[in-house]
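Observations on the three-dimensional arrangement
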Amino acid sequence: MMVFMAPQRRQQQRLLRLQEARGSGSMPRGSGRGSSVLSALQDLSWLSKSKVEKQLQIISVMQWILTFLFLGVSCSIVLLYFLCTDCWVITAVYFAWLVFDWNTPVKGGRRSQWVRNWAMWRYFRDYFPIRLFKTHNLLTTRNYILGYHPHGIFGLGAFCNFSTEATGVGQKFPGIRPYLATLAGNFRLPILRDYLMSGGICPVNRDSIDYILSKKGTGNAVVIVVGGAAESLNCVPGKNSVTLKNRKGFVRLALRHGADLVPVYSFGENEVYKQVVFEEGSWGRWVQKKFQKHVGFAPCFFLGRSLFSSNTWGLLPYSKPINTVVGEPITVPKIENPSREEVDFYHGLYMSSLGKLFDKHKTKFGLLETDVLEVN
């Protein structure tokens, strides 16, 4: 009888020891492994869907900022370095292609719907987020010049809305081909020029715009950031100002081609970066104006956030909403050689239309009824 009871007693003793161990907080050797695995899984909480999407949004925005600032220069340095190595053939072939392809940017470029529809741009859009609002139809039987305001530091709303399909510009304005115009100097830099053209970006010069509005049929919309570098020097959060009073070249182009003028205002474009603004007459503003005169753009001393925290400085813009509203087209007649009076008349119509667009939509996007658009 004792022989049969011994195993049962040993089992009861094991159960008692296990209960005592649980009560005292100690666990058997094998249970520590399970606890370690559970802790490791908890450490991977950053892999949740929402956090992964946020990281992808940050990466997509940062790649564009770095591309715009450094891709052209870095590729130029690499190609020049290749000339001094056994890889000199790569540089020779690319520069031969560059000579052959030199005039492509001023002839409408080489857009790629595949690039414009990259999923990366949707993450770019959602980081802020950026939204595009349509107020009136754009007819495919007409050509247009869209004046984009304000410039901001990088014109992020202009890029996302008109150089990608992330906000649905092709669906909102079917049959319209947008061309975002930017500094011609960007198209002299290797690789960067091809990247820009793939999104439908073209040089902001007369030859390029003349070609699009006269040789590409109808349904074309050239987007010009009218204020340019001068406007970027004054963009700070909380300030709604545009540089427009003496900017009449785009109106003259519209008259020469009979292209309708369309005002576009992006609420929030100035909110995504902080900037050190130098007063008129200061040495800092003098340097910026000299740089703008000789190079084509003005260096801005801007402040964004870092990759890891919104409380530390970096190149990444703050995630503030940008709401872009496309206004009502102003019908413009075709006048081969418009007079100064005709240019002034349609420039006045445009300024009035832009002011009305701002006033009509400002309260929808967080501004006060008393806020006004400052026109310089």
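See the structure printed just above.
Residues numbered from 1 in each chain as written. Predicted model: local features only at pLDDT ≥ 70, side-chain atom pairs only at ≥ 80, totals over all residues. Heavy atoms only, no water.

Comments concerning the overall build of the chain
- Counting its secondary structure elements, the chain contains 14 helices and 12 strands.
- A burial count over the chain gives 43% of its 376 residues as buried.
- Long-range pairs, those at least 24 residues apart, make up 78% of the contacts in the chain with a sequence separation of at least 6.
- About 20,300 Å² of surface is accessible on the chain, with carbon and sulfur atoms providing 60% of the total. (Helix = DSSP H or I, 4+ residues; strand = E, 2+ residues; numbered from the N terminus. Buried < 20%, exposed > 50% of the residue type's maximum accessible area, 1.4 Å probe, protein only. Contact = heavy atoms within 4.5 Å. Areas by Shrake-Rupley, 256 points an atom, 1.4 Å probe, with all protein chains shown as cover.)

Re the pattern of salt bridges
- All chains considered together, the criterion is met by 11 salt bridges.
- Among the salt bridges present, the one from Glu165 reaches Arg116, with a minimum N-O distance of 2.8 Å. Placement of Glu165 in the loop between α7 (156-162) and α8 (169-172) and of Arg116 in helix α5 (residues 113-116) is noted, with a sequence separation of 49 residues between them.
- Residues Arg256 and Asp210 are paired through a salt bridge, measuring 3.2 Å at the closest nitrogen-oxygen approach. Taken together, the residues span a long stretch of sequence, with Arg256 in helix α12 (residues 249-257) and Asp210 in helix α10 (residues 206-215) at a distance of 46 residues. We note that Arg256, like Asp210, is buried.
- One network of salt bridges, in which partners are shared, links Asp101, Arg110, Arg193 and Asp194. (Salt bridge = Lys/Arg side-chain N within 4 Å of Asp/Glu carboxyl O.)

Points about the packing of α10 against α12
- With their axes 10 Å apart at the nearest point, α10 and α12 run at an angle of 35 degrees to one another. The two elements α10 and α12 meet at a crossing, and its hand is right-handed. Within the contact between the two elements, α10 uses Arg206, Ile209, Asp210, Leu213 and Ser214 and α12 uses Leu253, Arg256 and His257.
- Looking at the contact of α10 with α12 residue by residue, the class counts come to three nonpolar, two polar and three charged. (Axes fitted to C-alpha atoms, helices over the stretch in contact; angles between N-to-C directions. Left-handed = near helix turned anticlockwise from the far one by under 90°. Nonpolar A, V, L, I, M, F, W, Y, C, P; charged D, E, K, R; others polar.)

Observations concerning the sheet that holds strand β5 (residues 220-225)
- Read across the sheet, seven strands follow the order β1-β11-β7-β2-β5-β3-β4 without closing on themselves; strand pairing throughout is mixed. At either margin of the open sheet sits one strand with a lone partner, and together these are β1 (130-134) and β4 (201-203). Ignoring which end each strand starts from, the neighbouring axes of this sheet average 25 degrees apart.
- The pairing of strand β2 (residues 144-149) with β5 spans five bridges and is classified as parallel. Paired with Ile145 across the bridge in β5 is Val222. (Pairing = 2+ DSSP bridges.)

Description of the packing of helix α3 (residues 49-82) against helix α6 (residues 119-127)
- For the pair α3 and α6, interaxial distance at closest approach is 8 Å and the crossing angle is 100 degrees. The pairing of α3 with α6 is recorded here as roughly perpendicular in orientation. Within the contact between the two elements, α3 uses Glu53, Lys54, Leu56, Gln57, Ile58, Ser60, Val61, Gln63 and Trp64 and α6 uses Met120, Trp121, Tyr123, Phe124, Asp126 and Tyr127.
- Of the residues that constitute the contact of α3 with α6, the class distribution is nine nonpolar, three polar and three charged. (Parallel < 35°, antiparallel > 145°, perpendicular 65-115°, else oblique.)

A short note on the pairing of β2
- Counting buried positions along β2 gives six out of six residues, so the element sits mostly inside the fold.
- Where β2 and strand β7 (residues 260-267) come together, six bridges link them in parallel fashion. If you follow Tyr144 over to β7, its bridge partner there is Asp260.

Some words on unusual backbone geometry
- Omega for the bond connecting Phe128 with Pro129 falls within 30 degrees of zero, at 0 degrees, which places this linkage in the cis form.
- Position of Pro129 relative to the elements: it lies in the loop between α6 and β1.
- Cis geometry is found at the peptide bond from His149 to Pro150, where omega equals -15 degrees.
- As for its placement among the helices and strands, Pro150 is situated in the loop between β2 and α7.

Considerations on the pairing of strand β11 (residues 322-326)
- Along β11, five of the five residues are buried, which leaves the element largely enclosed by surrounding structure.
- Residues Ile322, Thr324 and Val326 of β11 are buried on one face, and the alternating residues Asn323 and Val325, pointing to the opposite face, are buried as well.
- The pairing of β1 with β11 spans five bridges and is classified as parallel. Opposite Lys134, over in β11, you have Val326 as the bridge partner.
- Judged from the four bridges that link them, β7 and β11 form a sheet pairing that is antiparallel. Paired with Phe267 across the strands is Asn323, a residue of β11.

Considering the side chain of Asp101
- Summarising the element assignment, Asp101 is placed in the loop between α4 (88-100) and α5.
- Judged by its relative accessible area of 3%, Asp101 is buried.
- Those residues in contact with Asp101, other than ones at most four positions away along the chain, are Arg110, Arg193, Asp194 and Met197.

A closer look at a nonpolar patch on the surface
- Taken together, the side chains of Leu80, Leu83, Trp88, Val89 and Val93 present a nonpolar region at the surface, about 490 Å² in accessible area.
- Here the element with the most residues in the nonpolar patch is α4; it accounts for three residues.
- Among the secondary structure elements, Val93 is positioned in helix α4.
- What makes Val93 exposed here is its relative accessible area of 53%. (Patch = residues over 30% accessible without salt bridge, like charges linked within 9 Å, V, L, I, M, F, W, Y side chains within 5 Å.)

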